[in-house]
Amino acid sequence: MARIISLAPEKGRIHRLDATENLIGRRLDCHVYVNDQRVSRRHARIRRELDGLQLEDLGSSNGTFVNHRRIHGSVRLRDGDLIAIGAWSWQLDLSDEQPTGVDSPLVSDLPSDLTASFADLRGLGVAVVQRKAATLYEAEQEIERVHRKLQAVHRVAEAVSSTLDPTQMLDRVTSLLLEVFPPSSRATVLGLDAATGVLRARASQSRRRAPHDEEGVRIARGVVDRMLRLGQGVLIAQAADASHAADVDEQGGRRDSDPDASGEGIGWRMGAPLTVRGEHSGVVLLEAEPARGYFTQNDLDLLSGLAAQIAVALHLIDLHQRLLVRDRLDHDLRLARQIQRNLLPRDPPRVAGLEIAVHYEPAFHVGGDFYDFLWRDQQQLSIVVGDVSGKAVSGALFMARVTSEIRSVASLGSPARVIERVNRALAEIADDGMFVTLVYLSIDLRTNTMRFANAGHTIPLLQRGEQLLSLEFDRARSMPVGVLPEIQCDEVEVPLLPGDVLMLYTDGIIEARSMKGEFYGQDRLDAAVASAPRTARGALDAVLRDVDGFVEAAPQADDQTVVSMHLSKSGAMRMDTLLPIPNRPR
């Protein structure tokens, strides 16, 4: 089975080309849905011909590319061809083999300038040796120090890139720091809670247990405050800072204390902040004991460099975890979009003599716009288009309840009675100012008459010959549904003539904004409908093209729904014979 495999941005996603015509575009009903304002709603299509697959550009503005060349008209596709539309690209696969999987993102690389830092350090070591080494012994000692730095940087780089678990990574790093700095008796990493400003121990390793180990991680308050205040490493003697010492336990609680400055094991301490782009996420603290030696300024310089590596690794791990959360959320929203799409009619009804076309596009994954087609009997067709006050998830949830209420009372027939009954039900549950605007119409296919009522919705447009009629009648207009417990609603009857084009839409069309922030507006919509072809699909496509040309690359801010209808002859008739079972109104 032919398929295209996404290369960017949804790397590895497979789209099977199992239809005779496979559409690619920004419309939700396209076989390959592309959520990008630079891509046309119906951008291109892949057709199955006798001699293979043909890719055709459908008159898009930004073009369709095959193997990095823009196509004009249609071209024949071959196995392995690269297809690109905007920032999206796919590869055609005509084999029966499964595509190889996509590697999960790993934090395997640290900043690219590490290699350069190695060379800088080695060059610095050589320069120092040439300038300062008075004896061969001193030169050897200096080279050994530089080598130790390079080796430490390399080992820490391996440790921070070996796992995506921050706890495991910090445990490995603190253990490694004890090896890198021989005088150290304890290595501790403290994390800074951005919300509370409290330091909490994230990892700690000690060469041997001491009595105070069971009480918590002891740190010098002045050391930490200075590191976070100045954003640089510090080197301070324990004895000089004993009067300002404090304890931070494993749960982040802080206890003032006066530790014994002269007890066994007291020596120098040094620390460096964990900083990325000027933001502090914690500190690395090392403690030494006199029996093992003392820390020097060279040790502090090395620790500061290693702390920068650790901070970058923690930052990348945090970004990775956020991406995983976002991916899960995107997956849930895609499922919600599909569920909501299934709540709406997949296709308009098939009626001989009556053409119906629909466009539905939420601003986000899910939305508050809705439409429906309801048969009361074989000759009575009701159409409803509405807009819930709210977008995204909240609007989608309320929309599901609204459509359920409408379907439960659709057998009443009268648009006014349906709106009144739905308002009564929704007024009992609508919270936080939620309400619905909608237009509900009922068409008698035998007499070509339409009765409709408008509950605070946009004005339906009727194109009759060369005349554009706005179906705005005070008698048929009422408050939006759900605002008041009871509303008085009436309806108007309008005859339909062969050739008439009726358009229902939501405010996302007339309130679409351009790059300059201007509204598309009612006047532009009227002009687009008046000059459009006299078919349902032709009128719908003409309006959408005009809106797209006006907004250009401006992001869509509101849901957009359009239902277009064209009566081609008198005596329209439903083409299928399955009659719904009417629900009993409450």
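You'll find the structure just up there.
Residues numbered from 1 in each chain as written. Predicted model: local features only at pLDDT ≥ 70, side-chain atom pairs only at ≥ 80, totals over all residues. Heavy atoms only, no water.

The next point concerns the overall build of the chain. Summing up its helical and strand segments, the chain has 11 helices and 32 strands in all. The proportion of buried residues among the 586 residues of the chain is 48%. Sequence-distant contacts, at least 24 apart, represent 65% of the contacts inside the chain between residues at least 6 apart. Approximately 29200 Å² of the chain is accessible, and the part contributed by carbon and sulfur atoms is 51%. (Helix = DSSP H or I, 4+ residues; strand = E, 2+ residues; numbered from the N terminus. Buried < 20%, exposed > 50% of the residue type's maximum accessible area, 1.4 Å probe, protein only. Contact = heavy atoms within 4.5 Å. Areas by Shrake-Rupley, 256 points an atom, 1.4 Å probe, with all protein chains shown as cover.)

Attention now goes to the pattern of salt bridges. Per the stated rule, a full pass over the model turns up 23 salt bridges. One salt bridge connects arginine 13 with glutamate 10, and the closest N-O pair in it is separated by 3.0 Å. For arginine 38, the salt bridge goes to aspartate 36, with nearest N and O atoms at 3.0 Å. (Salt bridge = Lys/Arg side-chain N within 4 Å of Asp/Glu carboxyl O.)

So, about the sheet that holds strand S6 (residues 52-57). Taken in spatial order, the 5 strands of this open sheet run S4-S3-S5-S6-S9, and their pairing is mixed. Edge positions in the open sheet fall to strand S4 (32-33) and strand S9 (74-76), since each of these has one partner strand only. (Pairing = 2+ DSSP bridges.)

Turning our attention to the packing of aromatic side chains. The final tally for this structure, using the stated rule, is 5 aromatic pairs. Ring geometry for phenylalanine 181 versus phenylalanine 295: centroids 6.4 Å apart, planes at 90 degrees, classification edge-to-face. One end of the pair, phenylalanine 181, is in the loop between helix H3 (166-180) and strand S12 (184-192); the other, phenylalanine 295, is in the loop between strand S19 (279-288) and helix H6 (297-343), with 114 residues separating them in the sequence. Taken individually, phenylalanine 181 and phenylalanine 295 each receive the classification buried, so the pair is uniform in this respect. Between tyrosine 371 and phenylalanine 373 the ring centres are 5.9 Å apart and the planes differ by 65 degrees, which places this aromatic pair in the edge-to-face class. (Phe/Tyr/Trp six-rings, centres within 6.5 Å; stacked < 30°, edge-to-face > 60°.)

So, on to the environment of threonine 20. Within the secondary structure, threonine 20 is located in the loop between strand S2 (14-16) and strand S3 (21-25). A relative accessible area of 58% places threonine 20 in the exposed class. A sequence separation of 28 residues divides threonine 20 from arginine 48, and the C-alpha atoms of the two residues are 5.2 Å apart. For threonine 20, the contacting residues outside a window of four places in its chain are Ile46, Arg47 and Arg48.

Before going further, it helps to spend a moment on the nonpolar core. Here is a general trend for soluble globular proteins: nonpolar side chains tend to be buried in one another's company. Phe370, Ile383 and Leu438 are the most contacted members of the largest nonpolar core, which totals 53 residues. The element that contributes the greatest number of residues to this core is strand S24 (residues 436-444), accounting for 6 residues. Ranked by size, the runner-up nonpolar core spans 35 residues in total, among them Val153, Ala187, Leu306 and Ala311. (Core = buried A, V, L, I, M, F, W, Y, C linked by side-chain atoms within 4.5 Å.)

Glancing now at the side chain of asparagine 454. Tracing the sequence through the fold places asparagine 454 in strand S25 (residues 449-455). Look at asparagine 454 and you get buried, because its relative accessible area is 3%. Ignoring any residue separated from it by four or fewer positions in sequence, one finds asparagine 454 in contact with Leu438, Val439, Ile459, Pro460, Ala476, Arg477 and Ser478.

Moving on to a nonpolar patch on the surface. Together, Met479, Val483 and Leu484 make up a nonpolar patch on the protein surface, roughly 240 Å² of accessible area in all. Secondary-structure assignment places valine 483 in the loop between strand S28 (477-478) and strand S29 (492-495). (Patch = residues over 30% accessible without salt bridge, like charges linked within 9 Å, V, L, I, M, F, W, Y side chains within 5 Å.)

So, about the pairing of S3. The buried fraction of S3 is high, at 4 of 5 residues. With 4 bridges connecting them, S3 and strand S5 (residues 44-49) associate as antiparallel partners. Bridged to isoleucine 24 within S5 is alanine 44. Two elements, S3 and S4, share 2 bridges in a ladder whose sense is parallel. Within S4, the residue paired with glycine 25 across the bridge is tyrosine 33.

What follows covers the sheet that holds S2. One open sheet holds the 6 strands; their spatial order is S2-S1-S11-S10-S7-S8, and the pairing between them is antiparallel. Where the open sheet ends on each side, the last strands, each with one partner, are S2 and strand S8 (69-70). Two strands pair when backbone bridges link them, and strand S1 (residues 3-8) and strand S11 (residues 88-93) are joined in this way by 5 bridges, in the antiparallel orientation. Paired with arginine 3 across the strands is aspartate 93, a residue of S11.

On to helix H11 (residues 536-551), then. Across its 16 residues, H11 extends 23 Å between first and last C-alpha, which sits within 8% of the 22 Å expected from 1.5 Å per residue. Of all the positions in H11, only Ala536, Gly538, Ala539, Leu540, Asp541, Ala542, Val543, Leu544, Val547, Phe550 and Val551 are classed as buried. Among the structural elements, strand S21 (354-361), strand S30 (501-505), helix H9 (507-510), helix H10 (521-530) and strand S31 (560-567) are those in contact with the buried residues of H11. Glutamate 552, located one to two residues past H11, shows a positive phi value of around 55 degrees. (Expected span 1.5 Å × (residues − 1).)

Checked against the element boundaries, aspartate 526 lands in helix H10. Excluding its chain neighbours within four sequence positions, the residues that come into contact with aspartate 526 are Leu461 and Leu468.

So, on to H10. Burial in H10 covers these residues: Gly521, Leu525, Asp526, Ala528 and Val529. Tucked inside the fold, the buried residues of H10 contact strand S26 (461-464), strand S27 (467-470), S30, H9 and H11.

What follows deals with the packing of H10 against H11. How two helices pack is summed up by the angle between their axes together with the distance between the axes. Remark: H10 packs on H11, axes separated minimally by 9 Å, with the N-to-C direction vectors making an angle of 140 degrees. Taken together, the axis directions place H10 and H11 in an arrangement best described as oblique. Taken as a pair, H10 and H11 cross one another with a handedness that is right-handed. Along the contact surface, H10 presents Arg524, Leu525, Ala528 and Val529, while H11 presents Val543, Asp546 and Phe550. When the residues that make up the contact of H10 with H11 are grouped by side-chain class, the tally is 5 nonpolar, no polar and 2 charged. (Axes fitted to C-alpha atoms, helices over the stretch in contact; angles between N-to-C directions. Parallel < 35°, antiparallel > 145°, perpendicular 65-115°, else oblique. Left-handed = near helix turned anticlockwise from the far one by under 90°. Nonpolar A, V, L, I, M, F, W, Y, C, P; charged D, E, K, R; others polar.)

Taken across its 9 residues, S24 has 9 buried, putting it largely inside the fold. Side chains Val436, Leu438, Tyr440, Ser442 and Asp444 of S24 all project onto a buried face; the interleaved residues Thr437, Val439, Leu441 and Ile443 project onto the opposite face, where all are buried too. By the bridge criterion, 9 bridges tie strand S23 (residues 380-388) to S24 in an arrangement that is antiparallel. Following the sheet pairing, glycine 386 is matched in S24 by leucine 438. As paired elements, S24 and S25 share 7 bridges and run antiparallel to each other. When the sheet's bridge partners are listed, leucine 441 is paired in S25 with phenylalanine 452.

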